[in-house]
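# Residue-level structural notes
Here is how the chains run, residue by residue.
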Protein chains: 2
Amino acid sequence: MVAGLEKNSLIVVALGGNAFMRKGESFDAQWRNVRIAAETIASLVEQGYRVVVTHGNGPQVGIILEWVQRAGKESSRGITLDVADAMTQGWLGYMLQQAIGNALEERGLERRVVAVVSQSLVSKDDPAWREPTKPIGPFYSKEEAEKLAIEYGWVFKPDPRGGYRRVVPSPKPLSIVEARTVRMLVDNGYVVIAVGGGGIPVVRSNHWIQGVEAVVDKDYASAVLAREIDADVLAILTDVEGAYVDYGRPSQKLIKCMTPHKARELLEKGEFPKGSMGPKVEAGAMFVEHSKNGFSLIAMLERAREALEGLTGTRIMSDCEGQDILFF
Amino acid sequence: MVAGLEKNSLIVVALGGNAFMRKGESFDAQWRNVRIAAETIASLVEQGYRVVVTHGNGPQVGIILEWVQRAGKESSRGITLDVADAMTQGWLGYMLQQAIGNALEERGLERRVVAVVSQSLVSKDDPAWREPTKPIGPFYSKEEAEKLAIEYGWVFKPDPRGGYRRVVPSPKPLSIVEARTVRMLVDNGYVVIAVGGGGIPVVRSNHWIQGVEAVVDKDYASAVLAREIDADVLAILTDVEGAYVDYGRPSQKLIKCMTPHKARELLEKGEFPKGSMGPKVEAGAMFVEHSKNGFSLIAMLERAREALEGLTGTRIMSDCEGQDILFF
């Protein structure tokens, strides 16, 4: 146990959508992958930690949009992105809820686990609306893309791998509509699965909220949730040991600890790749900047427990033993 | 307010899947329909009732299975029925959670509403496993059906409307895995959306539960949930005024109240059509037989409030003013 991390600390564990389904894998492989994640979660609960699980949904929403595309116009009936997101929250929420429940019961613990539908509030004035950048769904030919652009007002961009893909805005999450519900469930002893796919993006007009055609980054949304439920740790679990400087070069070094200030400096220098480690480091810094005593952790899924003990993984903390960066 | 029905009574409101999407309707129509249901729910909450909402998913699961069929083998990747069910729980859970939340806020009430992923425990020894009867998903040609029967072990039956449809077992729900969670949420002032599509059917082996290829009747599952959370009323809302004797004939009479014993007698006589009113009456009787003071109500969605006041709808109660049946 490290200094400042109590046995019953509240940890938001953010899992990547790729943690469940890697390229070309089947539904069966998904169950295997979900069970690996569930074992990790249950072992944290066994240690006494309180856990909230968030997850990505990239591969799953891709599959749904591919079904809809292949099925053709007649049977798509205008499905919107918020509903597709909601479908993946049911899909992965179910798998995680069942698998975590099983892993808890096998350890002699109560099956107190619940997946809740989650919405992420975004601003209508977010600059992201002016420039959609996030590719989603299947690849289209130029002709198809032009037709759909006219018919639905969708925006397309050529993909480096060939063909065209729809791009949508990725506005910053301001708040998780269900944050208070999540906190109440945690206080009642539940492992809570929330903010699937970054949450379903919604905007507010007076008393109304309403879904929008966008996607929310799951690491940012997890950071917002962690702040709103006053978590002690935001643990972003992935398939690498942590954040590196000089990643992929012989000189690469695994970061043990850095301050949010140092993290932002390295982000600006382009030290962390934009599509992968960048948002994780930024989300980690964001949480620490808005938290009283909390810290962020970027670590490998299978080594989450060791990472919580400080044996691996990258921490983002307001104080790294008086330094602004430490390496392993 | 009728005798025995307190202001803060706990009501399980069961909505049909058709309440949201009627044949051929678009996704947009769904929102309109969900908002109608949400207004009804919010008006019950405003009156002081505590409400749990359950819902069917027939049209929605049909759409998903149709996508998968049309998309072809390559992109279906072996989706199972439990996951398809889970997707509809996310889909309709989201729409209801958002719409009920909006309707509550418009009334100056707190947005305390949450959709939870729900699993229905069924028995491996249920006689339904020996004879699959429930048609699901799209229509297939004889050749396609024969191929899929060999490939996946699916069972097909010719449909009266032409072509073949897959049929699956519909075992009786024994228990809702998340019943205690639902009750805890109700006790914390939440409107809870649960048991979507009758719940995802699961079987148990020791500490493990696991999804199975089946469907659970949503009215039966709602009756089981109502019993397990000790509800006061099971309100099955639909598009007719209630249960009739001589339905569709000039002599038809709307039943005001009947005992569970009378209900079973009329069921055996075939008074209520098997695919529609039959399961509702049976579920209603089941709940009353297992409840101390609770009653069941079958009524029209738009007239739920009047029905709770006894002005319309069919009640199933252990005592109908000393009679075994009363008519309007």
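What comes next concerns the included structure. (Residues numbered from 1 in each chain as written. Chains lettered and ligands numbered in written order. Predicted model: local features only at pLDDT ≥ 70, side-chain atom pairs only at ≥ 80, totals over all residues. Heavy atoms only, no water.)

### Focus: the pairing of strand β14 (residues 253–258) of chain A
Residue and element names in this part refer to chain A. Threshold: Strand pairing follows a simple DSSP-based rule, namely that at least 2 bridges must link the two strands. Secondary structure is summarised from DSSP: a helix means a run of H or I of at least four residues, a strand means a run of E of at least two, and numbering begins at the N terminus for each.
Here strand β13 (residues 244–245) pairs with β14 via two bridges, running antiparallel. By the bridge assignment, V245 is partnered in β14 with K253. Across three bridges, β14 lies against strand β17 (residues 325–327) in antiparallel orientation. Each bridged residue has a counterpart across the sheet, and for C257 the counterpart in β17 is L326. When β14 meets strand β16 (residues 314–316), the two strands line up parallel, connected through two bridges. Paired with C257 across the bridge in β16 is R315.

### Things to note about the relation of the copies chain A and chain B
Between the two chain copies there is a screw-like relation: a rotation about an axis and a shift along it. Put simply, the rule is: Least-squares superposition aligns the copies on the C-alpha atoms of those residues with pLDDT at or above 70 in both. Contact between two residues is taken to exist if any of their heavy atoms lie within 4.5 Å; hydrogens are not considered.
By a simple turn and slide, chain A fits onto chain B: the slide is 0.0 Å along the axis, the RMSD is 0.0 Å, and the turn is 180 degrees. Seen this way, the second copy is the image of the first under a two-fold rotation axis. By residue overlap, the copies meet face to face through one surface: 100% of the interface positions of chain A are interface positions in chain B.

### Description of the interface of chain A and chain B
Operational definition: Once two parts are joined, some of their accessible surface, as seen by a 1.4 Å probe, is lost; buried area is that loss totalled over both. By definition, a salt bridge exists where a carboxyl oxygen of Asp or Glu is found within 4 Å of a side-chain nitrogen of Lys or Arg. Within 3.5 Å is the distance limit for a polar contact, defined as a pair of N or O atoms, with the added protein rule that one can donate a hydrogen and the other accept it, and that residues adjacent in sequence qualify only through two side-chain atoms.
Tallying the contact residues gives 58 residues for chain A and 58 residues for chain B. Taking both sides of the interface into account, the surface hidden between chain A and chain B amounts to around 5,300 Å²; carbon and sulfur atoms contribute 56%. Summed over the shared surface of chain A and chain B, the result is four salt bridges. Across the pair E105 of chain A and R204 of chain B runs a salt bridge whose closest N-O atoms are separated by 2.9 Å. Along the contact surface separating chain A from chain B lie 23 residue pairs in polar contact (both at pLDDT 80 or more). Counting residues per element, the ones that place at least two in the side of chain A that touches chain B are α1 (27–46), α2 (58–71), α3 (73–76), α4 (81–106), β3 (113–115), α6 (179–187), β10 (200–205) and β11 (208–211) of chain A.

### Some words on the sheet that holds strand β7 (residues 164–168) of chain B
Residues and elements named next belong to chain B. The test is simple: Angles shown run from 0 to 180 degrees and are taken between the N-to-C directions of axes, each axis being a line fitted to C-alpha atoms and, for helices, limited to the stretch in contact.
If you trace the three strands from one edge of the open sheet to the other, you get β5-β7-β6, paired in antiparallel fashion. Each end of this open sheet is capped by a strand with a single partner; those strands are β5 (134–140) and β6 (155–158). On average, adjacent strands in this sheet sit at an angle of 40 degrees to one another, irrespective of strand direction. Two elements, β5 and β7, share five bridges in a ladder whose sense is antiparallel. In the strand pairing of β7, P135 is matched with V167.

### Here we look at the packing of helix α7 (residues 218–228) of chain B against helix α9 (residues 277–289) of chain B
Residue and element names in this part refer to chain B. To be explicit about the condition: Oblique is the label for any angle not covered by the other classes, which are roughly parallel (under 35 degrees), roughly antiparallel (over 145) and roughly perpendicular (65 to 115). Crossing handedness is read from the near helix: turned anticlockwise from the far helix by less than a right angle, it gives a left-handed crossing, and turned clockwise, a right-handed one. Throughout this entry, Asp, Glu, Lys and Arg are counted as charged residues, while Ala, Val, Leu, Ile, Met, Phe, Trp, Tyr, Cys and Pro are counted as nonpolar. The remaining residues, Gly among them, count as polar.
At a minimum axis separation of 8 Å, α7 and α9 run at an interaxial angle of 15 degrees. When the interaxial angle is binned, α7 and α9 end up roughly parallel. The two elements α7 and α9 meet at a crossing, and its hand is right-handed. Here K218, D219, Y220, A223, V224, A226 and R227 of α7 come into contact with α9, specifically with P279, K280, E282, A283, M286 and F287. Looking at side-chain class alone, the contact of α7 with α9 contains eight nonpolar, no polar and five charged residues.

### Considering the sheet that holds strand β4 (residues 119–121) of chain A
Residues and elements named next belong to chain A. Spatial ordering of the open sheet is given by β8-β4-β10-β11, a layout of four strands whose pairing is mixed. Each of the sheet's edge strands pairs with one partner strand only, and the pair in question is β8 (175–176) and β11. Pairing of β4 with β8, which is carried by two bridges, proceeds in the antiparallel orientation. Note on β8: the bridge partner recorded for S120 is I176. The strands touched by α4 are β10 and β11; relative to β10, the strand with the most contacts, the crossing angle is about 130 degrees.

### Comments concerning unusual backbone geometry
Residues and elements named next belong to chain A. Rule in force here: Note on exposure labels: buried denotes an accessible area under 20% of the residue type's maximum, exposed denotes more than 50%, and partly exposed covers the range between, all computed with a 1.4 Å probe on protein chains only.
Residue D230 is not a glycine yet carries a positive backbone phi of 60 degrees. Considering the arrangement of structural elements, one finds D230 in the loop between α7 (218–228) and β12 (233–238). Given a relative accessible area of 47%, D230 falls into the partly exposed group.

### What to know about the environment of G163 of chain B
All names here are of chain B. Looking at where G163 falls in the secondary structure, it is placed in the loop between β6 and β7. Separated by 18 residues in sequence, G163 and A145 place their C-alpha atoms 9.0 Å apart. Each residue touching G163, except ones within four places of it in the same chain, is listed here: Y140, K157 and P158.

### Focus: the nonpolar core
Stated precisely, the cut-off is as follows: As used here, the term nonpolar core means buried Ala, Val, Leu, Ile, Met, Phe, Trp, Tyr and Cys residues forming a set that is joined through side-chain atoms within 4.5 Å.
By size, the foremost hydrophobic cluster in this structure holds 128 residues, and its most contacted members are I64, W67 and I100 of chain A together with I64, W67 and I100 of chain B. In this structure, I100 of chain B is in contact with A38, I41, V53, V113, V191 and I193 of chain B, ignoring residues within four places of it in sequence.

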